[in-house]
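# Commentary on secondary and tertiary structure
For reference, the chains in residue letters:
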Amino acid sequence: AERAQPAIRHLRAYDPGHDLVALRQRFGEAALVELGSNENPYGPSPAARDAIVSELSSLHRYPDPRGGALKRALAGRHGIGVDNILLGNGSHELLMQLAQVFAGPGDEVVFSQYGFAVFAIATQAAGATSRVVPALPLDAGMPLGHDLDAIAQTITPATRLVYLANPNNPTGTWFARERFATFLQGVPAHVIVVMDEAYAEMADTGAATDARPLLARHPNLVITRTFSKGYGLAGLRVGYLLAAPGLVAVMERVRESFNVSGPALAACEAALADEAHLQGTCARNAEQRAQLAEALASRGLRVLPSQTNFLLVEFGDDTARIESALLERGVVLRPMRGYGLHRYSRISVGNSEDNRRLLAALDEVLA
Ligand code: PMP
């Protein structure tokens, strides 16, 4: 480690939670209830699988380095130009590259306490300084959510980037587009605002969180999206960002030449075309989310509001014991100790069978 760059020397790698490969071996895949990684239990559109099969005859070829067909489909979907889009090997890659491109030693990057874990890692890897803004208090309308006023006040001439997530992981919290529009108006032009919308497809339309309408007016706004959540394609690793063409062109300089594989490009294009599948899985998620939140609350547990496919649940002093007792029963949650949320666990919303098994195990553990 002492040979690494100063910025990397003290960096802790992203923690993906439990060793799922070992747990699957121990319990058998069918017996394990995997609610630790915010995956989509309904899986992708069948058209995405068919598209991958069609690609199998071209595995000896490099993919389209620009991902042109997928970008055209995305441009159509979002009502923007192809040159407003950059594809990434997951949105995680893009979040990392944004810091690499726009921040360095001496620069500041602002994000919220309990903001998505990659914000801090990206900042540190770039050698920049994190300015972590306290989250909203537990008794706020949006407990543990982003405090946009405090974030705005933390911006200085040294600030290069602001990372926000709407809705945010791991809190599930969100803020309205109108509120964000006011925030953006106050941000100086030298600061790039990255809006991570990984869970955008899961949010109720009534929540009006989506920042896309603000792109045209704000050349310093970047929106990141992913095929991992709503589209159920986490295994393929495809994300993308939407931004002004000049910003996209600068980001292109650090992109690996073939960063998205051929099967992944083809599958995402097919998934994008199957709007009915997306709407169907998001509707089922919303229904299950409401039912699970109610079931947990009826057991006396505090559940934070969520517009995502997971719930942040307060187990209190017993959190570590409950988590390990559930794990013994094959139920995987995400511990929140790494975030400093020692009294909470994050539970992905599964399908009805997953959630039934979670609640049955929880009743045993809490008895
Ligand atoms: N942003 C947020 C808020 C997330 O929760 C995740 C996945 N956990 C990501 C980005 C990264 O997703 P991916 O790299 O699969 O696109």
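Residues numbered from 1 in each chain as written. Predicted model: local features only at pLDDT ≥ 70, side-chain atom pairs only at ≥ 80, totals over all residues.

Okay, the sheet that holds strand 10 (residues 310-314) next. Taken in spatial order, the four strands make up an open sheet running 9-10-13-12, and their pairing is antiparallel. The open sheet has two edge strands with one neighbour each: strand 9 (302-303) and strand 12 (334-335). Taken together, the two bridges between strand 9 and strand 10 define a ladder with antiparallel strand orientation. What sits directly across from arginine 302, in strand 10, is glutamate 314. This element, helix 11 (residues 275-297), spans strand 9 and strand 10 of the sheet and lies at about 10° to strand 10. (Pairing = 2+ DSSP bridges. Helix = DSSP H or I, 4+ residues; strand = E, 2+ residues; numbered from the N terminus. Contact = placed C-beta atoms within 7 Å. Axes fitted to C-alpha atoms, helices over the stretch in contact; angles between N-to-C directions.)

Turning next to the UniProt feature "domain: Aminotransferase class I/classII large" (unreviewed entry) in the protein. On the UniProt side, "domain: Aminotransferase class I/classII large" (unreviewed entry) is annotated at positions that read residues 32-362 here. The span residues 32-362 carries 37% helix and 16% strand; its end-to-end C-alpha distance comes to 14 Å. (UniProt positions renumbered as here; feature names shortened; annotations may be inferred.)

What follows covers the UniProt feature "modified residue: N6-(pyridoxal phosphate)lysine" (unreviewed entry) in the protein. Under the present numbering, the feature "modified residue: N6-(pyridoxal phosphate)lysine" (unreviewed entry) in UniProt falls on Lys229. Its 26 C-beta neighbours within 10 Å are what place lysine 229 among the buried residues. Ignoring anything within four residues of it in the chain, the contact list for lysine 229 reads Asn38, Asn40, Ala198, Tyr199, Glu201, Met202 and Asn309. (Buried ≥ 20, exposed ≤ 12 C-beta atoms within 10 Å, placed from the backbone.)

Covered by surrounding structure in strand 8 (residues 239-242) are Gly239 and Leu241 together with Tyr240 and Leu242, the residues of both alternating faces. Where strand 2 (residues 85-88) lies against strand 8, four bridges are found, and the strand directions are antiparallel. Bridge pairing in strand 8 places glycine 88 opposite glycine 239. Where strand 7 (residues 221-226) meets strand 8, four bridges bridge the pair, whose relative direction is antiparallel. Paired with threonine 224 across the strands is leucine 241, a residue of strand 8.

Bringing the environment of alanine 135 into the picture now. Mapped onto the secondary structure, alanine 135 falls in the loop between strand 4 (129-133) and helix 7 (148-154). The exposure class of alanine 135 is buried, given the 22 C-beta atoms found within 10 Å. As for alanine 135 and glutamine 113, which are separated by 22 residues in sequence, their C-alpha atoms are 5.2 Å apart. Residue contacts for alanine 135: discarding those within four places in its chain leaves Ser112, Gln113, Tyr114, Leu144, Gly145 and Asp147.

Here we come to the pairing of strand 10. Among the five residues of strand 10, four are classified as buried, and the element is accordingly described as predominantly covered. The hairpin formed by strand 9 and strand 10 contains six residues between the paired strands. Summarising the sheet, strand 10 and strand 13 (residues 344-348) pair through five bridges and their orientation is antiparallel. Each residue of the ladder has a partner; that of valine 313, found in strand 13, is serine 345.

A few words now on the sheet that holds strand 6 (residues 192-196). The strand order 2-8-7-6-5-3-4 describes an open sheet built from seven strands, whose pairing is mixed. Since the sheet does not close on itself, it has two edges, and those belong to strand 2 and strand 4, each with one partner. Neighbour-to-neighbour, the strand axes of the sheet open up by a mean angle of 20°, direction not taken into account. Pairing between strand 6 and strand 7: four bridges, direction parallel. Opposite valine 194, over in strand 7, you have valine 222 as the bridge partner. Those strands touched by helix 4 (residues 68-78) are strand 2 and strand 8, and its axis lies near 125° from that of strand 2. Sitting on the sheet, helix 5 (residues 91-102) is in contact with strand 2, strand 3 (108-112), strand 5 (159-165), strand 6, strand 7 and strand 8, with an inclination near 155° to strand 7.

When glycine is set aside, most residues are seen to have a negative phi, and most peptide bonds are trans. Here the amide bond leading from asparagine 166 into proline 167 is cis, since omega sits at -5°, within 30 degrees of zero. A cis amide bond links asparagine 169 with the next residue in sequence, proline 170, at an omega value of 15°. Looking at the element boundaries, proline 170 is found in the loop between strand 5 and helix 8 (177-185). Here the phi dihedral of tyrosine 114 falls at roughly 65°; this positive angle occurs in a residue that is not glycine. Tracing the backbone through its elements, the reader meets tyrosine 114 in the loop between strand 3 and helix 6 (117-125).

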